[in-house]
Amino acid sequence: MLPAGFKKHGAKLLLRFLGIAMCGIIGVLTKEGNAGKLAYEGIKRLDYRGYDSWGIAVKGSGLSIYKRTGKIGSIPNKLLQGSIAIAHTRWATHGKISVRNAHPHLSQNGKIAVVHNGVIENFQELRDFLAEKGFVFKSDTDSEVIPMLIEMYLEEGCSFREAVRKALLHLKGSYAIVAIYEPEHIMIGAKNASPLVVGLSDGRVLFASDLQAIAPYAEEAIFLSDLELVEASPEIKIYNIESGLSIKKLPKKIDINLCYADKKGFEHYMLKEIYEQEQAIINASAQNESLLNKVVESIKSANKVFIIGCGTSRHAAMLASYMFAKISKLNASALLASEFPNFANLIDEKTVIIALSQSGETADVLEAVRAAKRKGAKIISIVNVMGSSLMQISDINLMMNAGPEVCVLATKSYLAQLAILYLIANHLIGNTEQAKKELAEAAKKVPIIIKKNERKAKLLASKLKNTSSIFVIGKNACSITALEGALKIKEVSYIHAEGYASAELKHGPIALIEKNVPVIVFAPDASDESITNAIEAKSRGALIIGVSTERAKCFDYFFNVPCKELFPILSIIPIQLLAYYLALERGLDPDKPRNLAKSVTVK
Ligand code: AGP
């Protein structure tokens, strides 16, 4: 039974209440008779997205389906075969966590199976419409209307593809779907505002929420745009969902290293990705010169520049604002993407938006960018996921090339974003080569910083594991590093941590400082003004954890970051390590913190 008033407010209300919606979808059409195995392995590679139930449907001698709640477990051997298979990991939004609500969902006649990622906002009226036609629903989900609508159109004589296309025209909201029909050797995918990528290799076709899940089996990829449908039989045909007209899209070669990752011997992706920051800075710095020129031309011809993002990407935006002011004498305001609508009146065709997003799928960022585009703004995006929605709607796109970031926490993507933004700030003043040298030097410092501080971070984590609150402070650009350090600590160890511009402590927060309260201070050197603020806290009993190029007298603990030039960027590394070891000390999984998802695809 839906909560009172649900009809009026629709799915958005429920989503806001339930929080993050995240699903993973996979489809495999193959001639090798192992479609079930590839689909099953694919959803296991999507488990980092967070889920609470899962399922698979395999077309073999018939259409077999298998669904469970909880973590992905084993499946019956016969489901590892088949010519076509679809699979899904579900993060409950509409309807509680249960087998009946898990995907795939079947049509009434049991011949059509569908997996769906997204939110159908008009699902209640569609359920009512279909119920009046005699369709009986077995789940409480919004997604189940899709196979029913397809069946309805098949009964009216449509082809499978046309039945899917017409069914999708009923949907309001976001979707990425894969649908199969037992009598036919056809697999159909479609997307609108949720990610779906097509992988191809030697007669094998794979559809997935992201390349990470299918990269080991694909050599090329096609990135679908919104309102596009793809039919695989296995020939690939692509159509516009609204017009039904066919579209030509050429596949792109896949660089496996940029889209597929395993732990490579590390216990957790988080630590692996902290170590990968050296390569991430190198890759990010290797931006195409003509692309940088286009970015600079756009910025120079604009009269307003905004940098937007969420979470860690927002911190990168804020730190970039300091860089642009200091290096390029450019006023580039950093805005929280979710608050962007408040500034819509400032946006026009002379505005440039620099949108930062590792996943390229963050709903708040996509909504802000779409709103800005409607006002004529030029969109420059910096993303890590090839073919992501943000990449597709941007005028200019720079790739972080940091490799897949599987851990829910952003680490290497943060440094990659900052490296690119540092490059742009210098390219604006013709200082690119010098900036590239500094970034190359900074990359070399990453393993040194890790070597000097990892053991200290581990020891300190064992001392702080039961602390209830940690303060993180810094001055100037380090005030942003402080925000990022606090976010890392709280989201992975669940210890409350707050980041402040160090001078702000005395305007209120210092009231909270008492004996042994840990205060982390980012100070480029012992003469930095933040040291004064740290001493004020120390005189009230605080435990001072210094992150600096040199030990100051007031430090009780000292993380050594021997890199003055890009200190605000590299100094985050010891605190990434501290956060990681705090999570381990507290028996938590650093790769999948509670309540969080790698890509927040709803508002
Ligand atoms: C960072 O550690 C968090 N996982 C989160 O704040 C993240 O940065 C934010 O959700 C933005 O993600 P995006 O870069 O993919 O847009």
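Summarised in this report is the structure supplied together with it.

Basis of the calculations
- Residues numbered from 1 in each chain as written.
- Predicted model: local features only at pLDDT ≥ 70, side-chain atom pairs only at ≥ 80, totals over all residues.
- Heavy atoms only, no water.
- Axes fitted to C-alpha atoms, helices over the stretch in contact; angles between N-to-C directions.
- Helix = DSSP H or I, 4+ residues; strand = E, 2+ residues; numbered from the N terminus.
- Left-handed = near helix turned anticlockwise from the far one by under 90°.
- Contact = heavy atoms within 4.5 Å.
- Nonpolar A, V, L, I, M, F, W, Y, C, P; charged D, E, K, R; others polar.
- Buried < 20%, exposed > 50% of the residue type's maximum accessible area, 1.4 Å probe, protein only.
- Near = heavy atom within 4 Å.
- Polar contact = N/O pair within 3.5 Å; in protein donor to acceptor, adjacent residues only side chain to side chain.
- Areas by Shrake-Rupley, 256 points an atom, 1.4 Å probe, with all protein chains shown as cover.
- Pairing = 2+ DSSP bridges.
- Parallel < 35°, antiparallel > 145°, perpendicular 65-115°, else oblique.
- Phe/Tyr/Trp six-rings, centres within 6.5 Å; stacked < 30°, edge-to-face > 60°.

So, on to the packing of helix 14 (residues 432-464) against helix 18 (residues 572-585). Relative orientation of the contacting elements helix 14 and helix 18 amounts to 40°, with a least axis distance of 8 Å. Judged by the sense of rotation from one axis to the other, the crossing of helix 14 with helix 18 is right-handed. For the pair helix 14 and helix 18, contact is made by V446, I449, I450, N453, E454, A457, K458, L460, A461, S462 and L464 and by I573, P574, L577, L578, Y581, L582 and E585, respectively. Here the contact of helix 14 with helix 18 is built from residues that sort into 13 nonpolar, two polar and three charged.

Our next topic: the environment of R314. Tracing the backbone shows R314 in helix 10 (residues 311-328). Here R314 falls in the partly exposed class, since its relative accessible area comes to 28%. Linking R314 and I84, residues 230 residues apart in sequence, is a C-alpha distance of 41 Å. Beyond its immediate stretch of four places on either side in the chain, R314 contacts G309 and L336.

So, about the site of the ligand. Close to the ligand lie 14 residues, the nearest being S313, S357, S359, T362 and E491. T362 is positioned with one of its side-chain polar atoms (N or O) 2.5 Å from an oxygen atom of the ligand. Here A410 contributes a backbone N or O atom positioned 2.9 Å from an oxygen atom of the ligand. Coverage of the ligand by the protein amounts to 91% of the 410 Å² it exposes when considered alone. Only helix 10 and helix 15 (478-493) provide two or more residues apiece to the shell around the ligand.

This next bit is on the sheet that holds strand 20 (residues 396-399). Either a parallel or an antiparallel arrangement is found when strands of a sheet pair, and the pairing is made through backbone hydrogen bonds. Reading across the sheet, the five strands line up as 17-16-18-19-20 and stay open at both edges, with parallel pairing between neighbours. Of all strands in the sheet, those with a lone pairing partner are strand 17 (332-336) and strand 20, marking the two edges. In this sheet, adjacent strand axes meet at a mean angle of 20° when their direction is disregarded. Relative to strand 17, strand 16 (residues 304-309) runs parallel, the two being bridged by five bridges. By the bridge assignment, V305 is partnered in strand 17 with A332.

With that settled, consider the packing of helix 3 (residues 123-132) against helix 4 (residues 145-155). Between two packed helices, what matters for the description is the angle formed by their axes and the separation of those axes. Relative orientation of the contacting elements helix 3 and helix 4 amounts to 40°, with a least axis distance of 10 Å. The orientation of helix 3 relative to helix 4 falls into the category oblique. For the element pair helix 3 and helix 4, the recorded crossing hand is left-handed. Counting all contacts with helix 3, which are made through F123, L126, R127, F129 and L130, the residues of helix 4 involved are V145, M148, L149 and M152.

This part covers the side chain of S388. Tracing the backbone shows S388 in the loop between strand 19 (378-383) and helix 12 (389-393). Of the polar contacts made by the side chain of S388, one reaches the backbone oxygen of V385; its length is 2.9 Å. Other than its neighbours up to four places away in sequence, S388 contacts S359, G360, E361 and V383.

With that out of the way, let us pick up the packing of aromatic side chains. Throughout the structure, instances matching the rule amount to seven aromatic pairs. Between the aromatic rings of W54 and Y66, the centroid separation amounts to 5.9 Å while the plane-to-plane angle is 55°, which identifies the pairing as tilted. Within this pair, whereas W54 is found in strand 2 (residues 53-59), its partner Y66 is found in strand 3 (residues 63-69), the two being separated by twelve residues in sequence. Of the two residues, W54 and Y66, neither departs from the other in class, the shared state being buried. Among the aromatic residues, those joined into a ring-pair cluster are Y40, W54 and Y66.

On to the pairing of strand 13 (residues 236-240). Where strand 12 (residues 228-232) lies against strand 13, five bridges are found, and the strand directions are antiparallel. Looking at the pairing, A232 lines up with I236 of strand 13. The loop that links strand 12 with its antiparallel partner strand 13 comprises three residues. By the bridge criterion, two bridges tie strand 13 to strand 14 (residues 246-247) in an arrangement that is antiparallel. When the sheet's bridge partners are listed, I238 is paired in strand 14 with I247. Counted between consecutive antiparallel strands, the loop separating strand 13 from strand 14 contains five residues, among which G244 sits at a positive phi close to 80°.

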